[in-house]
Amino acid sequence: MKVLLFPGSFDPFTRGHRDIARRASRVCDKLVVAVMENSAKQTLFTAEEREELVRLSLADYDNIEVISSSGLLVDLYKQLGCCAVVRGIRSESDFRYEAELALANRLLYPEYDCLLLPCRDDMSLISSSIVKEVGHYGGDISKMVPAEIVDIVKAKLMKGRI
Ligand code: PNS
């Protein structure tokens, strides 16, 4: 069974993330989407909230499982018996970051591998940070996050203003 792992901080999950999950799920038997911690980022949504948002966004996909993990990516990778990690890239700077991440993970675990999927043209400007910025000022985030979670994300971002 070919298991791919799609890790991220997903703060919050976006349409871009969902498109990567959808495409990756077509080339494996099972895709595990893992909500993880990035020590360089302070998240707005809790791990439980982020996991629930991913779950709601991907409910229609039979071969996608959603989990949370607070450890090292390579440990999860080994534990799940993955054949590769999948990450989406929007730009050259994303590519550099991903190349560094892959190198570091391979130093920790030589069997580690990573597939990079270029994002769709119309998703290249969507990021969790942009969603938070637009939503904070009451802007329309409906084209940026999956329809199933628009209201929940909007409510949380508006609450943060008070
Ligand atoms: O969506 P992000 O913030 O770019 O995702 C980064 C993430 C969560 C995949 C990365 O920070 C990660 O793998 N975190 C788990 C801890 C870990 O293994 N760090 C990287 C070691 S090189």
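From a predicted model like this one, the values you see are computed outputs, not experimental measurements. (Residues numbered from 1 in each chain as written. Predicted model: local features only at pLDDT ≥ 70, side-chain atom pairs only at ≥ 80, totals over all residues. Heavy atoms only, no water.)

Asker: Would you mind going over the site of the ligand with me for this structure?
Answerer: Lining the immediate environment of the ligand, one finds 13 residues, of which S9, E37, K41, L73 and R87 sit closest. At 2.5 Å, a side-chain N or O of S9 approaches an oxygen atom of the ligand. In isolation the ligand offers 540 Å² of accessible surface; the protein chains occlude 83% of this area. The cavity where the ligand resides is the largest pocket. Ranked by residue count, the leading element in the shell around the ligand is helix α4 (residues 92-108), at 3 residues. Looking at the shell around the ligand residue by residue, the classes come out as 5 nonpolar, 5 polar and 3 charged. (Near = heavy atom within 4 Å. Polar contact = N/O pair within 3.5 Å; in protein donor to acceptor, adjacent residues only side chain to side chain. Areas by Shrake-Rupley, 256 points an atom, 1.4 Å probe, with all protein chains shown as cover. 1 Å grid on protein atoms, 1.4 Å probe; cavity = no way out; pocket = protein on both sides within 12 Å on 5 of 7 lines; lining within 4 Å. Sits in = over half its atoms within 2 Å of the grid points. Helix = DSSP H or I, 4+ residues; strand = E, 2+ residues; numbered from the N terminus. Nonpolar A, V, L, I, M, F, W, Y, C, P; charged D, E, K, R; others polar.)

Asker: Looking at this model, I keep getting lost on unusual backbone geometry. Mind explaining?
Answerer: A negative phi angle is the norm for most residues apart from glycine, just as the trans form is the norm for most peptide bonds. In this chain, D11 is followed by P12 through a cis amide linkage whose omega measures 5 degrees. Positive phi, normally seen in glycine, also occurs at F10, with a value near 45 degrees. Of note, F10 is situated in the loop between β1 (3-8) and α1 (15-25).

Asker: What's the story with the layout of surface pockets in this structure? I'm lost.
Answerer: Gaps between atoms show up when a probe of the same size as a water molecule is rolled over them. Its boundaries defined by the atoms lining it, the largest pocket holds a volume of some 920 Å³. Lining the largest pocket we find 38 residues, and of these G8, S9, K41, R87 and Y97 sit closest to its centre. Mapped by element, the contributors of at least two residues to the lining of the largest pocket are β1, α1, β4 (84-89), α4 and α5 (128-136). In terms of residue count, the dominant contributor to the lining of the largest pocket is α4 (7 residues). A breakdown of the residues in the lining of the largest pocket according to their chemical character gives 15 nonpolar, 15 polar and 8 charged. (Points joined across faces, edges and corners; volume = space filled by probe spheres on them.)

Asker: What is the right way to read the state of the cysteines from this model?
Answerer: Put plainly, two cysteines are in a disulfide when a covalent bond ties their sulfur atoms together. If you walk through the whole model with that rule in mind, you get 0 disulfides. Left without a disulfide partner, C83 is nearest to the cysteine sulfur of C82, which lies 7.2 Å away. Sulfur of C119: no disulfide; nearest cysteine sulfur belongs to C114 and is 15 Å away. (Disulfide = S-S within 2.5 Å.)

Asker: Explain the packing of aromatic side chains to me, please; I cannot follow it from the model alone.
Answerer: Ring pairs (aromatic) are described by centroid distance and by the angle formed between their planes. By the definition in use, this model includes 4 aromatic pairs. Relative to Y109, the ring of Y77 has its centre 5.9 Å away and its plane inclined at 70 degrees; by these criteria the two rings are edge-to-face. With Y77 in helix α3 (residues 73-80) and Y109 in the loop between α4 and β5 (114-118), this residue pair connects regions lying 32 residues apart in the sequence. Here Y77 falls in the buried class, since its relative accessible area comes to 2%. Here Y109 falls in the partly exposed class, since its relative accessible area comes to 22%. Between Y77 and Y112 the ring centres are 4.9 Å apart and the planes differ by 40 degrees, which places this aromatic pair in the tilted class. Note that Y77 is positioned in helix α3 and Y112 in the loop between α4 and β5, a separation of 35 residues in sequence. Each of the two residues, Y77 as well as Y112, counts as buried. Members of the aromatic cluster, each reached through a chain of ring pairs, are F6, F10 and F13. Sitting above the plane of the F45 ring, K156 keeps its charged end 5.6 Å from the centroid. (Phe/Tyr/Trp six-rings, centres within 6.5 Å; stacked < 30°, edge-to-face > 60°. Buried < 20%, exposed > 50% of the residue type's maximum accessible area, 1.4 Å probe, protein only. Lys NZ or Arg CZ within 6 Å of the ring centre and 35° of its normal.)

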